[in-house]
Amino acid sequence: MGCLALSVAAPPLGLFLMLRRMSLTADVLAHGILPGVAAGFLLAGLSLPAMAAGGLVAGLLVALGAGALSRATGGREDASLAALYLVALAAGVAMVSLRGGAVELTNLLFGSVLGVDDGALLLMAGAATLTLAGLALAWRPLVLECFDPGFAQAVGARGALWHLGFLALVVLNLLAAFQALGTLMAVGLMMLPAIAARHWSRTLGGMTYAAVGIAALASFGGLLLSFHADLPAGPAVVLCAGLGWAVSVLLGPVDGLAARLLRRRHLSG
Amino acid sequence: MSPAEIRLADLTVSHQRRPAVHHLSGRFAPGSLTAVVGPNGAGKSTLLRALAGLHRPDAGRIEGAAGQVALLPQGTALDRAFPLACRDVVLFGLWAETGAFRVIPRAGLDRAEAALEAVGLGGFARRPVGSLSAGQFQRLLFARLLLQDAPVILLDEPFNALDARTAAELLALVKRWHGEGRTVVAVLHDLDLVRRDFPETLLIARDPIAWGPTGEVLTAPNRLRARMMAEAWAEQAEACAA
């Protein structure tokens, strides 16, 4: 259930990230959450509220920090992001190791469905609801800010503000997903369906539906796989999403490989 | 269309303290059609961005521009593979009226269709932006300007990389705006075009060289001066005392 909720909410966010050429940012945010979650774990053990609060704070800090850092150091956002996420990952792993063992570490990084309790389910459902409502409200400004930030600034659309709100939603979704999928794998359910959807439609609306569909299938398939083959849930779901992506690249009607191999004769005009 | 005047008072705009527009004063008269001319790096684009409120002046003032201006940026680095339909792009021109949330009225949709028609993209409303050529994309951005319906229109090298027919049709639109009493400022490099169609010219090379009727501005001595100033580059410039 929780994964389905996330499947509806996360892929549209991934679409916007992809369209802004910020696919890597989601990865960085996911890593950024880890030290916060780890801090919560250090202070309160495996308690969901503590870890979620820690993750939320850390994720928002990284989201704000990455933007500010790249502006302050003159562009090269990718380099600042890479630096940030390496540090965050190392810090997170070190902090978890201080108190927990390998089992806790694996659970945090890669998720465990059995760790999903009522609280986590509520968090997932709440995050999904908030995300969908937020996206429905902010659709127009977000599209404009993605497509033409200069124009958005010129007409006073407060693009930066919308963008920050959007990043907050991304953090929220990653956070909701970490319990089931783990901090590292949570990104997969967000980005892979979005990237795959590009091969199924040329319009933003169509891409959104395709992404949600692929994500839902991947969640379902991944959880079955995880249960029957005794795999951690996160990698299983992400592998399924990856399969969806591979199929899309091969067979998708838009820029798919098969469509290119089966070259149809060009149109007459 | 109520005519809009823009006054510049000792305007300086810079990048990392290097002035790109240096102590520029003057006015764009209401309803005037002005070409901004100068060598590369002369501060033409920076001036337009400052007029549009996208670049904060270091010193001096811009009066009369706030909220009146629509800008067509230079050779935009927009992602032309973005999954949007042409009509959606044009409709962003209504932002001042609809903002982020308000429903786009039926009349707005009609205006978008009419604007697409006016720039020669009739029937393109549902086509994805990605299917357009560079020239068609520029036409699309002109359609968005039409919807913005601003009293002041700033165009940064609007005819670059366009074939003759597209350039001519878009120039006709610029003249139409001029005829409607809008204040139009265009950065241009084609001096023949400026002489033929633009009554006023501002020649800058960081510092203003000349501003006035085109015939009096585009003289050989003025242009030589502009070139010399653009090539000078003080490695160890002092803080400007003026």
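The structure presented is a predicted model; accordingly, all values stated were derived computationally and were not measured. (Residues numbered from 1 in each chain as written. Chains lettered and ligands numbered in written order. Predicted model: local features only at pLDDT ≥ 70, side-chain atom pairs only at ≥ 80, totals over all residues. Heavy atoms only, no water.)

Novice: For the overall build of chain A, give the residues involved together with the corresponding values.
Specialist: The helix and strand tally for chain A stands at twelve helices and zero strands. For chain A, the N- to C-terminal ordering of α and β elements is α-α-α-α-α-α-α-α-α-α-α-α. Here chain A, with 269 residues, has 50% of them falling under the buried criterion. Relative to all contacts within chain A whose residues are 6 or more apart in sequence, the contacts with residues 24 or more apart total 74%. (Helix = DSSP H or I, 4+ residues; strand = E, 2+ residues; numbered from the N terminus. Buried < 20%, exposed > 50% of the residue type's maximum accessible area, 1.4 Å probe, protein only. Contact = heavy atoms within 4.5 Å.)

Novice: An account of helix H5 (residues 102-110) of chain A is needed here, citing residue identities and associated values.
Specialist: All names here are of chain A. Among the residues of H5, Leu 105, Leu 108 and Leu 109 are the ones counted as buried. Viewed end-on, H5 has its buried residues packed into an arc of 95 degrees, placing them on one side of the element. Within two residues after H5, Gly 111 carries a phi angle of roughly 85 degrees, on the positive side. (Arc of directions from axis to C-beta.)

Novice: Account for the environment of Phe 227 of chain A, with residues named and values stated.
Specialist: Residue and element names in this part refer to chain A. Mapped onto the fold, Phe 227 is located in helix H10 (residues 204-229). When its relative accessible area of 67% is taken as the criterion, Phe 227 is described as exposed. Phe 227 sits 30 residues away from Ala 197 along the chain, and the two C-alpha atoms are 27 Å apart.

Novice: I'd love a proper account of a nonpolar patch on the surface, names of residues and values included.
Specialist: Residue and element names in this part refer to chain A. The grouping of Trp 200, Leu 243, Val 247, Leu 250, Leu 251 and Leu 257 at the surface amounts to a nonpolar patch, some 570 Å² of accessible area in total. With four residues, helix H11 (residues 233-251) is the largest single contributor of residues to the nonpolar patch. With respect to the helices and strands, Leu 257 occurs in helix H12 (residues 257-261). Looking at Leu 257, the relative accessible area reads 39%, which means it is partly exposed. (Patch = residues over 30% accessible without salt bridge, like charges linked within 9 Å, V, L, I, M, F, W, Y side chains within 5 Å. Areas by Shrake-Rupley, 256 points an atom, 1.4 Å probe, with all protein chains shown as cover. Salt bridge = Lys/Arg side-chain N within 4 Å of Asp/Glu carboxyl O.)

Novice: How would you sum up the packing of H10 of chain A against H11 of chain A? Please name residues and give values.
Specialist: Think of two packed helices as two axes; the pair is described by the angle between the axes and how far apart they sit. Residues and elements named next belong to chain A. Interhelical geometry of H10 versus H11 gives an angle of 135 degrees and a closest axis separation of 7 Å. Relative to H11, the element H10 lies oblique. Like other packed secondary-structure pairs, H10 and H11 cross with a definite hand, here right-handed. Taking contact as the criterion, the partners of Ile 214, Ala 218, Ser 219, Gly 221, Gly 222, Leu 223, Leu 225 and Ser 226 in H10 are, on H11, Ala 233, Ala 236, Val 237, Cys 240, Ala 241 and Ser 248. Residues that form the contact of H10 with H11 fall into these classes: nine nonpolar, five polar and no charged. (Axes fitted to C-alpha atoms, helices over the stretch in contact; angles between N-to-C directions. Parallel < 35°, antiparallel > 145°, perpendicular 65-115°, else oblique. Left-handed = near helix turned anticlockwise from the far one by under 90°. Nonpolar A, V, L, I, M, F, W, Y, C, P; charged D, E, K, R; others polar.)

Novice: Tell me about the nonpolar core, residues and numbers included.
Specialist: Of all hydrophobic cores here, the largest spans 128 residues; its most connected members are Leu 140, Phe 142, Leu 155, Phe 159 and Phe 198 of chain B. In terms of residues, this core owes the most to one element, helix H8 (residues 159-181) of chain A, which gives 13 residues. Apart from the residues lying within four places of it in its own chain, the contact partners of Phe 159 of chain B are Phe 142, Ala 167, Leu 170, Leu 171, Val 174, Leu 188 and Leu 193 of chain B. Core analysis: the second largest hydrophobic core is formed by 24 residues, Leu 48, Val 69, Leu 154 and Val 185 of chain B among them. (Core = buried A, V, L, I, M, F, W, Y, C linked by side-chain atoms within 4.5 Å.)

Novice: Outline the packing of aromatic side chains, supporting the account with residue identities and numerical values.
Specialist: All names here are of chain B. For the coordinates displayed, the defined rule picks out two aromatic pairs over all chains. Centroid distance Phe 142 to Trp 177: 5.7 Å. Interplanar angle 5 degrees. Geometry classified as stacked. Within this pair, whereas Phe 142 is found in helix H5 (residues 134-148), its partner Trp 177 is found in helix H6 (residues 164-179), the two being separated by 35 residues in sequence. With respect to burial, Phe 142 and Trp 177 carry one shared label: buried. Over the ring of Phe 124 we find Arg 127, and its NZ or CZ is 4.3 Å from the ring centre. (Phe/Tyr/Trp six-rings, centres within 6.5 Å; stacked < 30°, edge-to-face > 60°. Lys NZ or Arg CZ within 6 Å of the ring centre and 35° of its normal.)

Novice: Can you explain the pairing of strand S9 (residues 207-213) of chain B? Please cite residues and give values.
Specialist: Bridge count for strand S8 (residues 200-205) of chain B against S9 of chain B is six bridges, and the pairing is antiparallel. Each bridged residue has a counterpart across the sheet, and for Ile 204 of chain B the counterpart in S9 of chain B is Pro 208 of chain B. (Pairing = 2+ DSSP bridges.)

Novice: Tell me about the confidence of the model for chain B, and please be specific about residues and values.
Specialist: With 93% of its residues at a pLDDT of 70 or more, chain B shows a mean pLDDT of 85. Scored as a complex, the prediction yields pTM 0.78 and ipTM 0.73. (pLDDT = per-residue confidence, 0-100.)

Novice: Before we move on, can you summarise the sheet that holds strand S1 (residues 6-15) of chain B with the specific residues and values?
Specialist: Residues and elements named next belong to chain B. One open sheet holds the three strands; their spatial order is S2-S1-S4, and the pairing between them is antiparallel. Edge positions in the sheet fall to strand S2 (18-28) and strand S4 (59-63), since each has one partner strand and no second. The sheet shows a mean angle of 25 degrees between the axes of neighbouring strands, taken without regard to direction. The sheet strands contacting helix H1 (residues 44-51) are S1, S2 and S4, and the helix crosses S1 at an angle near 120 degrees.

Novice: An account of the interface of chain B and chain A is needed here, citing residue identities and associated values.
Specialist: Frequently, the measure chosen for interface size is the accessible area that the parts lose on association. Listed per partner, the contact involves 21 residues of chain B and 21 residues of chain A. For the pair chain B and chain A, the summed buried area comes to about 2,000 Å², and 71% of that belongs to carbon and sulfur atoms. Looking only at chain B, the three residues that lose the most surface to chain A are Phe 82, Pro 83 and Trp 95 of chain B, adding up to 33% of its buried area. Linking chain B with chain A are one salt bridge, by the criterion used here. Between Asp 148 of chain A and Arg 144 of chain B there is a salt bridge whose closest N-O contact spans 3.0 Å. Taken together, the links from chain B to chain A amount to two residue pairs in polar contact (both at pLDDT 80 or more). Residue assignment for the side of chain B that touches chain A shows that the elements contributing at least two residues are helix H3 (95-98) and H5 of chain B. If you tally residues by element for the side of chain B that touches chain A, the top one is H5 of chain B, at three residues. When its residues are assigned to classes, the side of chain B that touches chain A shows 14 nonpolar, four polar and three charged. (Buried area = accessible area lost by both parts, 1.4 Å probe. Polar contact = N/O pair within 3.5 Å; in protein donor to acceptor, adjacent residues only side chain to side chain.)

Novice: Could you give me a rundown of the side chain of His 22 of chain B, with the residues and numbers involved?
Specialist: Residues and elements named next belong to chain B. Looking at the element boundaries, His 22 is found in strand S2. In terms of polar contacts, His 22 uses its side chain to reach the side chain of Asp 207, at 3.3 Å. Dropping the residues within four chain positions of it, His 22 is found in contact with Leu 11, Thr 12, Arg 206, Asp 207, Pro 208 and Cys 240.

Novice: Got a sec to walk through the packing of helix H9 (residues 186-197) of chain A against H11 of chain A? Specific residues and values, please.
Specialist: Residues and elements named next belong to chain A. Contact geometry for H9 and H11: axes closest at 8 Å, N-to-C directions at 10 degrees. With respect to H11, the element H9 is oriented roughly parallel. On H11, the residues that touch Gly 188, Leu 189, Leu 192, Ile 195 and Ala 196 of H9 are Val 237, Val 238, Ala 241, Gly 242, Gly 244, Trp 245 and Ser 248. Residues that form the contact of H9 with H11 fall into these classes: eight nonpolar, four polar and no charged.

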